[in-house]
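Residue-level listing of the chains:
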Amino acid sequence: MLFKNTVRFGLAALMAVSGSAQEEAIAPEDSAVVKLTSDTFHDFIKEHPLVLAEFFAPWCGHCKTLAPEYVKAADELESKDIPLVQIDCTVNQELCQAQGIPGYPSLKVFKNGNADAAGEYQGGRDAKAIVSYMLKQSEPAVQVIEDEKAFKEILAKNLDSTLVVDGSVPDFNETFYEVADLLRDENTFIQHGKDGKLAIYLPGESEPIVYDGEDFDAETISKWVAVQAFPYFGDVNGDTYQSYMSSKIPLAYFFYTSPEEREEYESHFVDLAKKYRGKVNFAGLDASKFGRHAENLNQKQQFPLFAIHDTIKDLKYGLPQLAEEEFASLEEPLALAAKDITEFVENFLEGKVDPIVKSEDIPEVQEEHVFKLVGKNHEAIVRDSEKDVLVEYYAPWCGHCKRLAPIYESMAEFVHGSEELKDKVLIAKIDATANDVPSVEIQGFPVLYLWPAGEKSEPIQFEGPRTAEAFLAFIKKSGTNGADGVAIYEEYLVELEKKRQEEEEQKAKQAEEDAAIAEEEDAQLAQDEL
Ligand SMILES: *[C@@H]1O[C@H](CO)[C@@H](O)[C@H](O)[C@H]1NC(C)=O
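An account of the accompanying structure is given in this report. The model shown is predicted, which means the values in this text are computed figures rather than measured ones.

1. Digging into the sheet that holds strand β11 (residues 233-235)
Consideration 1: Pairing in this open sheet of five strands is mixed, and the strands run β11-β13-β12-β14-β15 from one edge to the other. Where the open sheet ends on each side, the last strands, each with one partner, are β11 and β15 (315-318). Averaged over all adjacent pairs, the angle separating strand axes in this sheet is 30 degrees, with direction ignored.
Consideration 2: Here five bridges tie strand β12 (residues 251-256) to strand β14 (residues 305-310), and the two strands are oriented antiparallel to one another. Bridge pairing links F254 to F306 in β14.

This is the structure in structure tokens:
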């Protein structure tokens, strides 16, 4: 279902280069950066064949870091007629929503005056990278190579780019250009020859993969290129991670500890990759650099390691690992059996392997009114057929979560104590940093979802002020049971207030009595002393 961002950023975070934040995210007035608004955006895009747009928020740290580089690149590209623009999403919310901006900054490339089909900017975030990326975008997407010798030379030297070659497929020229325009970042598109075929040459391979489908529409061909363009056994690193993640194909990792070890297993993985092309991608990962990524896959750092990440369902699978002590006392380096890997991949594809779910232990007793969920029981409980379940996904370090805690707890006390509500609604929470919750998308903390009663229900995200009243109204409106806590909550508060006052009066009375007794005792004492 939805993809969980915390995981997607896992590897990226390990490799992130932190820059020093400067003062302002917005470009200075005298720079070449053009500031657009909801009113001016569409006309501007229509009038310019190639535009790089930054969607930002003034408070965002990464936007501040990007700003001086963005300004420099804009100055340089001005003379090439490639404008760089900025849209402040805090004042142009509708536009940013329509553009589906997931976070800040978001960089998009608009082409041919089309405001509805932007491509993600996929280059680096310094001025030089931005300039070279945008210049490449302005070049023709397809190289036409007539000469046989020139083509052979390109093939021979081709060690890092996938070549997509159109050998004059009939009635295909326009589509080929369209696909090339979409996928040019990762591949090189060439027109050469007259054999009427469409072929892909992987880096270092002289044998082409020839398209044998019947449909030559842009969507089908784009998908085919995207699947075939991965090397049989490539490497996951900062440059390639994102394309593996967005390929919508499960990724099988081989964590290796040395180039020799990688080589030892390589031919086996190439065989598997050829066999399962389009079903699983296989790639190595240098454990000496990115070993910690094992933890994102719910694995211990025991290398070599083989694990599969189903990036669509965000589920993780791995070969069984050793207990810590056992691994520590190994005398020989760990080795994986080719046969075990093959078997594991087959079982994975047949749905016969259980995912490894990160989870705290299921609590033996619930200590608060809010029901504490963990990874192991999350699915079973949120898919309760009787109750609407409201779940707060939180992180222990998150300030907004801490502020919400007392409000949420007192609401849970009310709901779970109410005859009217307790069988219809469950108020729950889960520490999303310590437990896998693959079925929801978490872009920030806290996030709340209501799981309406019923096994097949889809979660609905809560958006609004985080108050008990708003939560109760949301449960009533979006839940299956229509449990109406709103009206009785008011009565409950009045009762609560009454009780509190009574208690206070009680206390005051008690204090008075105590004081009177103390006075009497003092008087008695004084008399005794006389
Ligand atoms: C293919 O399409 C491109 C872009 O529209 C055009 O420039 C080129 O001349 C066309 N080539 C052929 C052989 O029709």
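After that view of the structure, there is still more to cover.
2. Notes on unusual backbone geometry
Consideration 1: A cis amide bond, omega 0 degrees, links F303 with the succeeding residue P304.
Consideration 2: Here P304 is to be found in the loop between α12 (293-296) and β14.
Consideration 3: Although it is not a glycine, N298 sits at a positive phi angle of roughly 60 degrees.
Consideration 4: Within the secondary structure, N298 sits in the loop between α12 and β14.

3. Quick word on the environment of G284
Consideration 1: Along the chain, the position of G284 falls in strand β13 (residues 281-286).
Consideration 2: Assessed through the 22 C-beta atoms surrounding it within 10 Å, G284 is described here as buried.
Consideration 3: Separated by 143 residues in the primary sequence, G284 and A141 have C-alpha atoms spaced 30 Å apart.
Consideration 4: The residues touching G284, leaving out its near neighbours within four places in the chain, are F233, D235, F254, Y256 and R262.

4. Considerations on the sheet that holds strand β10 (residues 209-210)
Consideration 1: Across the sheet, five strands lie side by side as β6-β8-β7-β9-β10; this open sheet has mixed pairing. Pairing within the sheet leaves two strands with one partner each, and these edge strands are β6 (142-144) and β10.
Consideration 2: Bridge analysis of β6 against strand β8 (residues 187-191) gives three bridges, and the strand direction is parallel. Counted as the bridge partner of V144 is Q191 from β8.
Consideration 3: Each of β6, β7 (162-166) and β8 touches helix α7 (residues 173-183); the most contacted strand, β6, lies at about 125 degrees to it.

Here is what the cut-offs are and how they apply
Residues numbered from 1 in each chain as written. Predicted model: local features only at pLDDT ≥ 70, side-chain atom pairs only at ≥ 80, totals over all residues. Pairing = 2+ DSSP bridges. Helix = DSSP H or I, 4+ residues; strand = E, 2+ residues; numbered from the N terminus. Axes fitted to C-alpha atoms, helices over the stretch in contact; angles between N-to-C directions. Buried ≥ 20, exposed ≤ 12 C-beta atoms within 10 Å, placed from the backbone. Contact = placed C-beta atoms within 7 Å.

From the geometry alone we can't say anything about function, so treat these as descriptive.
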